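Chain by chain, the residues run as shown.
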Amino acid sequence: GAVVAATFAGDGKQPTPTLIAEIDGTKLPTPAGRRVISTSHAREVAKMMIGTCEGGSAAKSFGRGRKVTTAGKTGTLSKSEPFFMEHSWFVGFAPAEQPEIVVSVLFGNSENWHLRGHEAARRLIDRATRREKDRKRSKPRS
């Protein structure tokens, strides 16, 4: 899910996932992504993903009044046999205008506990963007 969201965030260029960023402080090279969809199509899908967060199924978490615009897609799958299980997922990126973070969340909720994927994603994005602002503020002034 994160690779799909990152593809739209990257204007159609699919990144190569990296599971290890560094070893003992030595950064590892990140493989180059590859174009899998045209820039114009990727941007159109990204606009639809913004719509999901501004007025669609994720608007409760990402709607109006937020400082960071998020683009995302939600989903829910439920089953009742052999026991109840509702799966809630969200993939997305933020800030939508210049993506810095890509998230993918999947939950399997029982009848007694519910946290939707977009609610957890909002928490992750808020935390990541807050830390980014803190890093920018803490840079020494020249």
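Let me begin by describing the structure that accompanies this report. (Residues numbered from 1 in each chain as written. Predicted model: local features only at pLDDT ≥ 70, side-chain atom pairs only at ≥ 80, totals over all residues. Heavy atoms only, no water.)

**Overview of the overall build of the chain**
- The helix and strand inventory of the chain stands at four helices and seven strands.
- Sequence-ordered secondary structure for the chain, helices as α and strands as β, is α-β-β-β-β-α-α-β-β-β-α.
- Across its three principal directions, the C-alpha atoms of the chain cover 60 × 35 × 35 Å.
- Every one of the 142 residues in the chain was classed for burial, and the buried ones make up 30%.
- In the chain, the proportion of contacts linking residues at least 24 apart, taken out of those at least 6 apart, comes to 43%.
- In the form shown here, the chain has an accessible surface area of approximately 9,600 Å², with 53% of it arising from carbon and sulfur atoms.
- Here the chain contributes 24 positive and 14 negative side-chain charges, whose respective centroids are spaced 5 Å apart. (Helix = DSSP H or I, 4+ residues; strand = E, 2+ residues; numbered from the N terminus. Buried < 20%, exposed > 50% of the residue type's maximum accessible area, 1.4 Å probe, protein only. Contact = heavy atoms within 4.5 Å. Areas by Shrake-Rupley, 256 points an atom, 1.4 Å probe, with all protein chains shown as cover. Lys, Arg positive; Asp, Glu negative; His and termini not counted. Charge placed at Lys NZ, Arg CZ, Asp CG, Glu CD.)

**Focus: the environment of Val 68**
- For Val 68, the location among the structural elements is in the loop between helix H3 (59–62) and strand S5 (71–79).
- Val 68 gets classed as buried once you look at its relative accessible area, which sits at 12%.
- Sequence-wise, Val 68 and His 87 are 19 residues apart; in three dimensions their C-alpha atoms are separated by 26 Å.

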